2 protein chains.
Amino acid sequence: MKYCHHCASPVQLRIPDGDDKPRHICENCETVFYQNPNNVVGTLPVFEDKVLLCKRAIEPRLGKWTLPAGFMENGETSLEGAIRETAEEAGARIRVFQDSLYTLFNLPRINQVYLFFRAELLDLNFEPGLESQEVALFREQEIPWDEIAFPVVKSTLEHFFQDRQQETFPVRMFDVVHGTDRSITTTLISHSHQD
Amino acid sequence: MKYCHHCASPVQLRIPDGDDKPRHICENCETVFYQNPNNVVGTLPVFEDKVLLCKRAIEPRLGKWTLPAGFMENGETSLEGAIRETAEEAGARIRVFQDSLYTLFNLPRINQVYLFFRAELLDLNFEPGLESQEVALFREQEIPWDEIAFPVVKSTLEHFFQDRQQETFPVRMFDVVHGTDRSITTTLISHSHQD
């Protein structure tokens, strides 16, 4: 960030009065430009004993399988965003469970929070959107575990199949930390039931 | 938004190729400036049968009582942000419950998502930070209900005192919608248990 959105003057990175973090500040009009994490919202669409996955048609992880998800937009709720992304990426119409919020992932290294909601497919008339090569249903034993696009998707699927055995789906919160060896540790730090 | 952060050229509001929403786009360097919802993260700090509230020293709602909360920052998790805000606004040290995520509020009109976590005060050495006039503990019957700063805070407190009777604290998700009469309707749309 080099120039002010409002007056095109140069911005400087410095700590504003009363703050303790460097911010981009316009030295002309004094506007402070904050940068904050973004939410990525998606669903885990279920039909009978199968879940819906999308094969990505875009980078990153082109050709890998994912749950439908994308950036939450201004003017919508997290759940509305998740339903919208499911329609856009999988052409799928869903019914959302009353207690649909399922996983929350903090990804502080990339300034994102992922929220996944459980949902039921209303019909089988799904089809790939522009960002998907293919959309398909998978039973647990059919999941392409080595071809899952993102650790947050793999973790959500793993917990879903575990939780399905008890038919209880506690809300689960995780921190995703990238280790120095680039392996990814997903740590369960909060859930709504005691195990 | 009038000028590009990167090259100071004028930006235009138009729908990019492959998108369906207007974005601010630099016609010179083609950067698209997305604007997305922000997360506000906070805690509900408990000590014995009392909860901690802060009297606001800043607008909006100067002089009204609130739970410690503020914008989630880049580089932190939602829970780290909530703990940081509790230290900054109330000078309070807390222990966070294992199943601490408690309420999630979607506020699509103002492009915010609120997340509150339940916590326990570790000691009584709290003191107002720069953004608070006063910090105090309240029993349920002492809560200044007519002087609560924000509907999301009032709702979180109301559900906490209800849930405390059963000693179960399901994760609750709400949409906050401003009606045309400026009254605010808070609708429970998701929780992790069936009532």
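Scroll up a little and you will see the structure.
Mind laying out the overall build of chain A, listing which residues take part and the relevant values?
Helix and strand counts for chain A stand at two helices and twelve strands. Secondary structure of chain A in N-to-C order comes out as β-β-β-β-β-β-β-α-β-β-β-α-β-β. In terms of its C-alpha atoms, chain A occupies a principal-axis envelope of roughly 60 × 40 × 35 Å. The buried share among the 195 residues of chain A stands at 53%. Long-range pairs, those at least 24 residues apart, make up 55% of the contacts in chain A between residues at least 6 apart in sequence. Accessible surface, chain A: about 9300 Å² in total, of which carbon and sulfur atoms supply 47%. When the 19 positive and 30 negative side-chain charges of chain A are each reduced to one mean point, those points stand 3 Å apart.

Requested: an account of the sheet that holds strand β3 (residues 32-33) of chain A, with residues and values cited.
Residues and elements named next belong to chain A. Taken together, the three strands give an open sheet; going across it, the order is β1-β2-β3, and neighbouring strands pair in antiparallel fashion. Of all the strands in the sheet, the pair left with one neighbour each is β1 (11-14) and β3. Where β1 and strand β2 (residues 23-26) come together, four bridges link them in antiparallel fashion. Bridging across to β2, Gln-12 finds its partner in Ile-25.

Give me the lowdown on the pairing of strand β5 (residues 50-56) of chain B, citing residues and values where you can.
Side-chain positions along a regular strand alternate between the two faces of the sheet. Residue and element names in this part refer to chain B. Burial runs high along β5: six of the seven residues are buried. As paired elements, strand β4 (residues 38-47) and β5 share two bridges and run antiparallel to each other. Each bridged residue has a counterpart across the sheet, and for Phe-47 the counterpart in β5 is Lys-50. Remark: two residues form the turn of the hairpin made by β4 and β5, two consecutive strands paired antiparallel; Glu-48 in that turn has positive phi of roughly 50°. Across seven bridges, the pairing between β5 and strand β10 (residues 132-139) is antiparallel. Note on β10: the bridge partner recorded for Lys-55 is Glu-134.

Lay out the interface of chain B and chain A in plain terms, naming residues and giving numbers.
Frequently, the measure chosen for interface size is the accessible area removed from exposure when the parts meet. With 48 residues of chain B in contact, the opposing surface of chain A contributes 48 residues. Summed over both partners, the interface of chain B with chain A buries about 4400 Å², with 51% contributed by carbon and sulfur atoms. Applying the counting criterion to the chain B and chain A interface returns two salt bridges. Notably, a salt bridge pairs A:Glu73 with B:Arg23, separated by 2.6 Å at the nearest N-O pair. Linking chain B to chain A there are 16 residue pairs in polar contact (both at pLDDT 80 or more). Looking at the side of chain B that touches chain A, the elements that each hand over two or more residues are β4, α1 (78-90), β8 (94-107), β9 (112-121), β11 (172-178) and β12 (184-191) of chain B. Broken down by element, the residue count for the side of chain B that touches chain A peaks at six residues, all from β8(B). Looking at the side of chain B that touches chain A residue by residue, the classes come out as 19 nonpolar, 19 polar and ten charged.

Could you give an account of the side chain of B:Glu85, naming the residues involved and the relevant values?
On the secondary structure map, B:Glu85 appears in helix α1. Those residues in contact with B:Glu85 that sit more than four places away from it in its chain are B:Val41, B:Pro68, B:Ala69, B:Gly70, B:Phe71 and B:Ala90.

Residues and numbers for the packing of aromatic side chains, please.
Evaluated as defined, the whole model comprises 14 aromatic pairs over all chains. Summarising the aromatic geometry, the rings of A:Phe105 and A:Phe174 are spaced 4.7 Å apart at their centres and angled 15° between planes, so their arrangement reads as stacked. Linking A:Phe105 in strand β8 (residues 94-107) with A:Phe174 in strand β11 (residues 172-178), this pair joins segments that are 69 residues apart in sequence. Members of the aromatic cluster, joined through ring pairs, are A:Tyr102, A:Trp145, A:Phe160, A:Phe161 and A:Phe169. When the ring centre of B:Tyr102 is taken as reference, the NZ or CZ atom of B:Arg118 above it lies at 6.0 Å.

Analysis parameters
- Residues numbered from 1 in each chain as written.
- Chains lettered and ligands numbered in written order.
- Predicted model: local features only at pLDDT ≥ 70, side-chain atom pairs only at ≥ 80, totals over all residues.
- Heavy atoms only, no water.
- Helix = DSSP H or I, 4+ residues; strand = E, 2+ residues; numbered from the N terminus.
- Buried < 20%, exposed > 50% of the residue type's maximum accessible area, 1.4 Å probe, protein only.
- Contact = heavy atoms within 4.5 Å.
- Areas by Shrake-Rupley, 256 points an atom, 1.4 Å probe, with all protein chains shown as cover.
- Lys, Arg positive; Asp, Glu negative; His and termini not counted.
- Charge placed at Lys NZ, Arg CZ, Asp CG, Glu CD.
- Pairing = 2+ DSSP bridges.
- Buried area = accessible area lost by both parts, 1.4 Å probe.
- Salt bridge = Lys/Arg side-chain N within 4 Å of Asp/Glu carboxyl O.
- Polar contact = N/O pair within 3.5 Å; in protein donor to acceptor, adjacent residues only side chain to side chain.
- Nonpolar A, V, L, I, M, F, W, Y, C, P; charged D, E, K, R; others polar.
- Phe/Tyr/Trp six-rings, centres within 6.5 Å; stacked < 30°, edge-to-face > 60°.
- Lys NZ or Arg CZ within 6 Å of the ring centre and 35° of its normal.

By themselves, these observations are geometric and do not establish any function.
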